[in-house]
Amino acid sequence: MPHGLSIGAETVLKRSIMGGMSEIVQMELPRRRRGVAEGPAPKSLLKTLARRVGRAIEDYGLIADGDRILCAMSGGKDSYAMLHLLDHLRRRAPVRFELVAVTVDQGYRGFRTDVLERFFREKGYEFHVERTNIAEVIDDTMPLGDTHCSMCARLRRGVLYRLAPELGCNKIALGHHADDLIETLLMSQFFNGEICAMPPILKARDGRNIVIRPLCYVWEQEIVGFVAEVGFPVICCACPACGDTSLKRKQMKMLLQRLEADHPGIKASMLSALSKVKADHLLDRRWLGLPGPTSPHA
């Protein structure tokens, strides 16, 4: 169970994220804030997670002086955590940078943009909400064998790439965490025949946008605890595929949960492996100095 998170709070959060509900999550505050004397109070996750984000920024040069960063805000737990942690660091950083919270409304009925707008105004964030017809496009044109999530992600990313220059932003921050990175690694190997994950920093194919992932050292379960601790108004994307356990990423998530339960530390080992690649010990001919195809099935 995450730091200080009561059973009741954890249950409500899971129902809201996995069950496809679109209303605000009603989470209990951690017991330490309710004054219940049940042993020593757990430490706040803020400093721990901010330290992890700060290390990622330093390790990969994610933020530089003068940056204006578009923070993609879906209304989910990860995007709230990312925005809050970046703002926390911004106030203390030796370099100057700006944050712009941007929400892409995909057009799904029940998506609560009003909740996000209220949050941004109350916290004093600069923000922009972009209304789109992504939901309609997916329903009309989704290729056979594709999924709502994969196509929606591509369309949403295209909107962000367009908006960043319009809003004067030179970088786009996405809320992918450490679990997302290793889940993507498994998906690439299992279903695409590639060894590929999500880099902490990436220059987009359009040649002008730079994507950063400040939460690359933060685990999903830590974010769950942090959301309960702070009390962010988490909302669902309202997509009809939300909570579908048949999706490949959901299956990878459940597989990793089982592996971690049987072999504690296996996820940390996989994350570490992403930064310790021995390319000359693989089958890719390019790294072996050999001509010809790079796949035994090519």
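Described in the following lines is the structure provided in the data block. These figures come from a predicted structure and were not determined experimentally.

## So, the packing of aromatic side chains
Piece 1. A complete count under the given rule lists nine aromatic pairs for this structure.
Piece 2. Judged by centre distance (6.1 Å) and plane angle (65°), the ring pair of F119 and F120 falls under edge-to-face.
Piece 3. Using a relative accessible area of 9% as the deciding quantity, one classes F119 as buried.
Piece 4. On the basis of relative accessible area, F120 is assigned to the buried category, the value being 0%.
Piece 5. Ring centres 6.3 Å apart and planes at 80° place the aromatic pair F190 and F191 in the edge-to-face group.
Piece 6. In this structure F191 comes out as partly exposed when scored by relative accessible area, which is 37%.
Piece 7. Here the aromatic cluster, defined as three or more aromatic residues joined through ring pairs, consists of Y80, F119, F120, Y125, F127, F226 and F232.
Piece 8. Between the NZ or CZ atom of K248 and the centre of the ring of F191, over which it lies, the distance is 4.6 Å.

## Overview of the pattern of salt bridges
Piece 1. Here the structure, examined in full by the defined rule, presents 22 salt bridges.
Piece 2. With a closest N to O distance of 3.2 Å, D78 and K77 form a salt bridge.
Piece 3. With relative accessibility at 7%, the residue K77 sits in the buried group.
Piece 4. A salt bridge links D114 to R112, with the nearest nitrogen and oxygen atoms 2.9 Å apart.
Piece 5. Given the relative accessible area of 32%, D114 is considered partly exposed.
Piece 6. One salt-bridge network, in which partners are shared between bridges, spans K77, D78, D180, E183, E220, R249 and K253.

## Structural notes on the packing of helix 2 (residues 45–60) against helix 3 (residues 77–90)
Piece 1. The N-to-C vectors of helix 2 and helix 3 enclose an angle of 80°; their axes lie 10 Å apart at closest approach. When the axis of helix 2 is compared with that of helix 3, the two are roughly perpendicular. Contacts between helix 2 and helix 3 involve L46, L49, A50, V53, G54 and I57 on the former and, on the latter, H84, L85, L86, H88 and L89.
Piece 2. Residue composition of the contact of helix 2 with helix 3, by class: eight nonpolar, three polar and no charged.

## Considerations on the pairing of strand 1 (residues 67–72)
Both faces of the sheet carry side chains from a regular strand, because those side chains alternate between them.
Piece 1. In terms of residue burial, strand 1 counts as a mostly covered element, since six of its six residues are buried.
Piece 2. What you see with strand 1 is no split at all: D67, I69 and C71 on one side and R68, L70 and A72 on the other are buried throughout.
Piece 3. The sheet contact formed by strand 1 and strand 2 (residues 97–105) spans six bridges and is parallel. Bridge pairing links L70 to V100 in strand 2.
Piece 4. On the question of chirality, the crossover connecting strand 1 to the parallel strand 2 by way of helix 3 is right-handed.

## Observations regarding the sheet that holds strand 4 (residues 171–173)
Each strand in a sheet pairs with its neighbour through backbone hydrogen bonds, running either in the same direction (parallel) or in the opposite one (antiparallel).
Piece 1. Read across the sheet, six strands follow the order 3-2-1-4-6-5 without closing on themselves; strand pairing throughout is mixed. In this open sheet, the two edge strands, each paired with only one partner strand, are strand 3 (127–131) and strand 5 (201–203). On average, each strand axis in the sheet is inclined to that of its neighbour by 25°, with strand direction left out of account.
Piece 2. In the sheet, strand 4 pairs with strand 6 (residues 210–212) via three bridges, with the strands oriented parallel. Bridge pairing links A173 to I212 in strand 6.
Piece 3. Here helix 3 sits on the sheet in contact with strand 1, strand 2 and strand 4, set at roughly 165° to strand 2.
Piece 4. Packing against the sheet, helix 4 (residues 113–123) makes contact with strand 2 and strand 3, and its axis sits at approximately 165° to strand 3.

What counts, and where the lines are drawn
Residues numbered from 1 in each chain as written. Predicted model: local features only at pLDDT ≥ 70, side-chain atom pairs only at ≥ 80, totals over all residues. Heavy atoms only, no water. Phe/Tyr/Trp six-rings, centres within 6.5 Å; stacked < 30°, edge-to-face > 60°. Buried < 20%, exposed > 50% of the residue type's maximum accessible area, 1.4 Å probe, protein only. Lys NZ or Arg CZ within 6 Å of the ring centre and 35° of its normal. Salt bridge = Lys/Arg side-chain N within 4 Å of Asp/Glu carboxyl O. Axes fitted to C-alpha atoms, helices over the stretch in contact; angles between N-to-C directions. Helix = DSSP H or I, 4+ residues; strand = E, 2+ residues; numbered from the N terminus. Parallel < 35°, antiparallel > 145°, perpendicular 65-115°, else oblique. Contact = heavy atoms within 4.5 Å. Nonpolar A, V, L, I, M, F, W, Y, C, P; charged D, E, K, R; others polar. Pairing = 2+ DSSP bridges. Right-handed = clockwise from strand over helix to strand, strands pointing away.

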